[in-house]
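Architecture at a glance
Read off the chains here:
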Amino acid sequence: MIGSRFPGVAMKLYPLFADLSNRAVLVVGGGAVAERKVAALLGAQAQVTVNAPQLTPQLARWATQGRITHRADAFQAQWLERVWLVVAATDDRELNRLVANLAELQRIFVNVVDDAELSSFHVPAVVDRAPLTIAISSGGDAPMLARLVRERLEALLEPSLGALASLAARLRKRIRLRHPDMAARRRFYEELFAGPVAAWLRQGRPDAALAAAEQALAGVPAARGGSVVLVGAGPGDPGLLTLRALRALNEADVIVHDRLVSAEVLELARRDAERIEVGKQAGNHHVTQDAIHAILLEHARAGRRVVRLKGGDPFVFGRGGEEMEFLHAHGVAYEVVPGITAALACAAHAGVPLTHRDHAQSVRLVTAHCKASMDTLDWAALAHERQTLAVYMGVAGLETIQARLITHGRAPETPFALVENGSRSNQRVITGTLATLAERAALHAVQSPALLILGEVAALAPTLSWFGQAPLGAAAAAAASSGQRRTGLPAARPDEVLAAIHHV
Ligand SMILES: C[S@@+](CC[C@H](N)C(=O)[O-])C[C@H]1O[C@@H](n2cnc3c(N)ncnc32)[C@H](O)[C@@H]1O
């Protein structure tokens, strides 16, 4: 069995990928662990026999469908004669040992689940980008570490890698013929895996990828232009970045970012990527939009991979649309990676569901920073009840928002939650009613970035708040002092507040 013959010296395992298609494999055990092993074996098209008195519902279904053979009788040694591998996955250690010993005698590799000593082969942690498969093993010494490495790789490797590997396999013979010289072939593959073919596959366009690969095979040089990825960085907490955003940051040559993008997010980018801040503060535009366009164009035309990193989502009050139109008009290749916009992040971190079957059937994302003036907004529509307003860039205009909404019929008792630095460690949530909005914001000296959530659902914040400091509001203070926050008990009787609003 596994283990070094020399005490204290860890034995090195020989890595191996086994072709099990149409080969018999025996799995002893019929529980959840056995089911996981069987699923992987079926994925490798093995002929699986499961030996167990009872099966999980899924294993039973596979048996009924004829995908596995079920043997309910007691384990018999002669079954081993016709199999290539055995997996012992019972919770009976003696039975596992018996299976392992008999397999050893017959020179059949055996894996005993969670028992490195009894096993003659280990099942690695796997990153599956079929046909590309990455297997990770710690030789049974540190399975948790192997799992962690797997998670990291999962995050780093594009799902489209599998399609790229399949395409390369399909063209392999022709590539070899076209480039018999090894060095030239390597260069060709490098371009295939990092250039336009890979980009088309990432963009879900396999036909364009194939056409680009054919062009490359025909010797047509690929356009050497760089590209721009518009990436949503979310509200600041790096945990709210998408995996795709992380990959883009890892591959960037240049990162053109807004001021709102947090330092923690920028930390995750490739160390040697050039960083260009084109920050904007309300009323204080450091770099004009035209200048930003020019920067994007200059770097893309120089063949660089540019990440245009924006707070939240690029298409929600982020001028991402304008930048994409510009890139399109100038023939620059682009991709877009969505991000978690402030409304979603602030609502989640303030414990305010933006919609709720009992309280709000729609939600509107509104900007208070309008090209002309706030008078261009449809205040009558915004004042409807049973809808939630998520107002961006509203700190400077809270008085106007309050006055206009009340004038157009929104109840002065309508609750709000004003979320400053949402999802960040310094988050503050100020709650109150529409009639006191500007006054309460001034009292707490609310600063940008802050998002106003206004509507019936905001009454839930004092009760459902779970992140950071408790909301700053009279009702919340009462809930906090009576220990009701975080227990799910009603704090401010939001039902009463809501009932009052619905009946004014
Ligand atoms: C120019 S807009 C950009 C919005 C961004 N594209 C998005 O999707 O979140 C900036 C406004 O977003 C809101 N905002 C962004 N991040 C925020 C945060 N962490 N907390 C509260 N509000 C935020 C504020 O209203 C801020 O004035």
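Residues numbered from 1 in each chain as written. Predicted model: local features only at pLDDT ≥ 70, side-chain atom pairs only at ≥ 80, totals over all residues. Heavy atoms only, no water.

The name an unreviewed UniProt entry gives the chain is Siroheme synthase, with Aerosticca soli as the organism.

The subject of this paragraph is the pairing of strand β3 (residues 68-71). Bridge analysis of strand β2 (residues 47-51) against β3 gives four bridges, and the strand direction is parallel. Each residue of the ladder has a partner; that of Asn-51, found in β3, is Arg-71. Remark: the β2/helix α2 (residues 57-64)/β3 crossover connection has right-handed handedness. (Pairing = 2+ DSSP bridges. Helix = DSSP H or I, 4+ residues; strand = E, 2+ residues; numbered from the N terminus. Right-handed = clockwise from strand over helix to strand, strands pointing away.)

According to UniProt, the positions carrying the feature "domain: Siroheme synthase central" (unreviewed entry) are residues 131-155. Note that residues 131-155 is 52% helix and 20% strand, and that its end C-alpha atoms are spaced 18 Å apart. (UniProt positions renumbered as here; feature names shortened; annotations may be inferred.)

A word on the site of the ligand. Near the ligand, the surroundings consist of 20 residues, among which Asp-313, Val-316, Thr-341, Gly-422 and Ala-450 are the closest. At 2.8 Å from an oxygen atom of the ligand is found a main-chain nitrogen or oxygen belonging to Asp-313. The backbone of Val-316 places a nitrogen or oxygen atom 2.7 Å from a nitrogen atom of the ligand. Protein chains shield 90% of the accessible area of the ligand, which is 560 Å² for the free molecule. Listed by contribution, the elements that provide at least two residues to the shell around the ligand are α13 (342-350) and β19 (450-454). For the shell around the ligand, the residue count by class is twelve nonpolar, six polar and two charged. (Near = heavy atom within 4 Å. Polar contact = N/O pair within 3.5 Å; in protein donor to acceptor, adjacent residues only side chain to side chain. Areas by Shrake-Rupley, 256 points an atom, 1.4 Å probe, with all protein chains shown as cover. Nonpolar A, V, L, I, M, F, W, Y, C, P; charged D, E, K, R; others polar.)

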